[in-house]
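Structural overview for review
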Amino acid sequence: MPKYIVVTGGVLSGLGKGIVTSSIGFLLKNKGYKITAIKIDPYLNCDAGTMNPFQHGEVFVLDDGGEVDLDLGNYERFMDINLGRDNNITTGKVYRNVIEKERRGDYLGKTVQIVPHITNEIKDWIRRVAKESGADICVIEIGGTVGDIESMPFLEAVRQLYLEEGSDNVVFVHTTLVPILKVVGEQKTKPTQHSVKELRAIGISPDIIVARSPVPLDKSTREKISLFCNVPSDAVISSPDVECIYEVPLMLQEQGITKHILSKLSLPYREAKLEEWKKFVEKVKNGRNRVRIAMVGKYTALGDSYISILEAFRHAAAEVDAKVEVVWIEAEEIEEGKKIEDVDGILVPGGFGERGAEGKIRAIEFARENKIPFLGICFGFQLAVVEYGRNVLGLECHSTEIKPNVKHPIITILPEQYGVEQLGGTMRLGSQPITIKEGTLAHSLYGKKKIYERHRHRYEVNPEYIDELEGKGLIFSGIAEDRIRMEILELPEHPYFIASQFHPEFKSRPLKPAPLFYGFIKASVENKR
Ligand code: GLN
């Protein structure tokens, strides 16, 4: 029977609850426990696929094609596990199931209510995911802040879960904020007290409190939280700001968080083996080769909209003793004449729609002509084909996503997308096999002929132009198993010019960088010298 760790949040959102959850999972996995993780998002969308990354951060894509909250990316990276779409529960998914059951007549004669029907659906879902994963422990993070209307049914469901599973099978971790008032320099515990009070009113008593604060908690602050919130003082864990998120598990471990969790769950304590991770953290923090990478995008104001790419930079940089400085460039500003200057590499990430597309094409042209290392991802891959079509083949071409009636539709809609009207969950999604040509850059990076990478797109290279493109020096070094879809392109004459229709960033992990990112950062370091 799996045991459960429930992570809730109080006071504010954006306290790094996802990183705390990921760190707990990482530590327990490191101690030899089999772990799975569930993120609960109380919004009404059925998945994150239809949400704007500028508002909500990146849409993360899983092997099974699930388009999910970016926290699942953190779970996968920290815990080094592969999750599925069912590991992300939203209010929309829960209600959709309950309404379908009601229509089918499953509740015949009953009044369908939030308690017990919605809460039962939530518990059934959690238990099913935990059981099917075969995990010893399932970590559940409840999104939002305690007290939000939207998260109420989920909190009620985990309260019932505690009652039904028994007190040594469920542990509650509550993350809060301890602000410091500038004038007096004092650590304030009142917001934490209030949020715990709110949680207890719902019937949940936290076993552990993780307090976020700019600096470590004073002894007196800890004791105060302990007294007012009814947790032992050594179960008040301090989580001060750190330079690198991968330090968080080390910091939590030092304060004995897993000792508390395992003893509450009546599981044996095991030593952690953290040497390798510590070395990785040192490498992330102290990379000696500084490289400046231009990120040419549309949502550059919000780092969270590219979180997996930024993490993939870190993983790759750690391998080549580098540290990446990201130079954010709004694609539209390039259209207005902004120059890309003083960078060691250029990345054009995935994207949708017309705004900024011409600026991205110019950035690609600049990288190609000036032999600056270039990595294009998804939309960045498609626009690299457009750039080559225009500037090398001399075609008046574009993607039909941007210009439906263009003379040469060099990027066009996937055949299975003809007639698709419903936009949620209908792109080509998730892990797909790719065959790599021997003797290419892609082959030397991956070191094998068959790879699996994650996708999220509706458009692709139009097969009618492949011969012409290849005739002029472009190589399609990765092709989908159906032999029709182009997956990787590269330019042999260039020090590093590679782009992929898939998203390599979704599979990059600490200690296992994504090959295309590894090659890109390495080439950018070499370009600098
Ligand atoms: N807009 C492009 C498509 O739908 C690229 C998508 C992406 O970059 N994720 O194919």
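Residues numbered from 1 in each chain as written. Predicted model: local features only at pLDDT ≥ 70, side-chain atom pairs only at ≥ 80, totals over all residues. Heavy atoms only, no water.

Quick look at the site of the ligand now. Inspection of the region around the ligand gives Gly350, Gly351, Phe352, Cys378, Phe379, Gln382, Glu401, Arg456, His457, Arg458, Tyr459 and His503 as its neighbouring residues. In the model, an oxygen atom of the ligand is placed 2.9 Å from a nitrogen or oxygen of the Gly351 main chain. Between the ligand and the protein, one listed contact pairs an oxygen atom with a backbone N or O atom of Tyr459 at 2.8 Å. Taking 300 Å² as the accessible area of the ligand by itself, protein coverage stands at 98%. When residues of the shell around the ligand are traced back to their parent elements, those giving at least two are helix H15 (379-391) and strand S19 (450-457). Here the residues of the shell around the ligand sort into four nonpolar, five polar and three charged. (Near = heavy atom within 4 Å. Polar contact = N/O pair within 3.5 Å; in protein donor to acceptor, adjacent residues only side chain to side chain. Areas by Shrake-Rupley, 256 points an atom, 1.4 Å probe, with all protein chains shown as cover. Helix = DSSP H or I, 4+ residues; strand = E, 2+ residues; numbered from the N terminus. Nonpolar A, V, L, I, M, F, W, Y, C, P; charged D, E, K, R; others polar.)

Below, the discussion takes up the environment of Asp136. For Asp136, the location among the structural elements is in the loop between helix H5 (114-133) and strand S6 (137-142). Taking the C-alpha atoms as reference, Asp136 lies 8.7 Å from Tyr4; in sequence the two are 132 residues apart. Excluding residues within four positions of it along the chain, Asp136 makes contact with Met1, Pro2, Lys3, Gly32, Tyr33 and Lys34. Within the structure, Asp136 has its side chain in polar contact with the backbone nitrogen of Lys34 (distance 2.6 Å). (Contact = heavy atoms within 4.5 Å.)

Note on placement: Leu83 falls in the loop between helix H3 (71-79) and strand S5 (88-90). The spatial distance from the C-alpha of Leu83 to the C-alpha of Leu72 is 7.6 Å, given a sequence separation of 11 residues. For Leu83, the contacting residues outside a window of four places in its chain are Thr36, Ala37, Leu62, Asp63, Leu72, Tyr75 and Glu76.

Turning to the packing of aromatic side chains, a few remarks are in order. One pass over the structure, following the stated rule, counts 13 aromatic pairs. A ring pair is formed by Phe60 and Phe506, whose centres lie 4.9 Å apart and whose planes are at 70 degrees; its orientation type is edge-to-face. In this pair, Phe60 sits in strand S3 (residues 60-61) while Phe506 sits in the loop between strand S23 (497-500) and helix H18 (515-528), placing the two residues 446 residues apart along the sequence. Just as Phe60 is buried, Phe506 falls in that class too. Judged by centre distance (6.0 Å) and plane angle (40 degrees), the rings of Phe78 and Trp277 are tilted. Here Trp277 lies in helix H11 (residues 275-286) and Phe78 lies in helix H3, a separation of 199 residues in the sequence. Exposure class is identical for Phe78 and Trp277. Each is buried. Through successive ring pairs, a cluster of aromatic residues spans Phe26, Phe78, Tyr246, Trp277 and Phe280. (Phe/Tyr/Trp six-rings, centres within 6.5 Å; stacked < 30°, edge-to-face > 60°. Buried < 20%, exposed > 50% of the residue type's maximum accessible area, 1.4 Å probe, protein only.)

Here we come to the sheet that holds strand S2 (residues 35-41). Sheet architecture is open: seven strands sit in the order S5-S2-S6-S1-S7-S10-S11, paired in parallel fashion. Single-partner strands in this sheet number two, and they are S5 and strand S11 (236-240). In this sheet, adjacent strand axes meet at a mean angle of 20 degrees when their direction is disregarded. By the bridge criterion, five bridges tie strand S1 (residues 3-9) to S6 in an arrangement that is parallel. Its bridge partner being in S6, Val6 is matched across the sheet by Ile140. Relative to the sheet, helix H10 (residues 257-264) contacts S1, strand S7 (170-177), strand S10 (208-213) and S11, its axis offset from that of S10 by approximately 155 degrees. (Pairing = 2+ DSSP bridges. Axes fitted to C-alpha atoms, helices over the stretch in contact; angles between N-to-C directions.)

All right, on to the pattern of salt bridges then. If you walk through the whole model with that rule in mind, you get 38 salt bridges. A salt bridge links Glu311 to Arg314, with the nearest nitrogen and oxygen atoms 2.8 Å apart. With Glu311 and Arg314 both in helix H12 (residues 307-319) and three residues apart, the pair spans about one turn of that helix. A salt bridge links Arg390 to Glu358; its shortest N-O distance comes to 2.9 Å. Remark: Glu358 occurs in helix H14 (residues 357-369) and Arg390 occurs in helix H15; sequence separation between them is 32 residues. If you follow the salt bridges from partner to partner, you end up with Asp63, Glu76, Asp80, Arg454, Arg509 and Lys512 in one network. (Salt bridge = Lys/Arg side-chain N within 4 Å of Asp/Glu carboxyl O.)

We now examine the pairing of strand S18 (residues 428-436). Moving residue by residue along a regular strand, the side chains alternate between the two faces of the sheet. As paired strands, S18 and S19 are joined by eight bridges and run antiparallel to one another. Note on S19: the bridge partner recorded for Ile434 is Ile451. Inspection of the sheet shows S18 paired to strand S21 (residues 475-480) by three bridges, in the antiparallel sense. The partner of Ile436 across the bridge, within S21, is Gly478.

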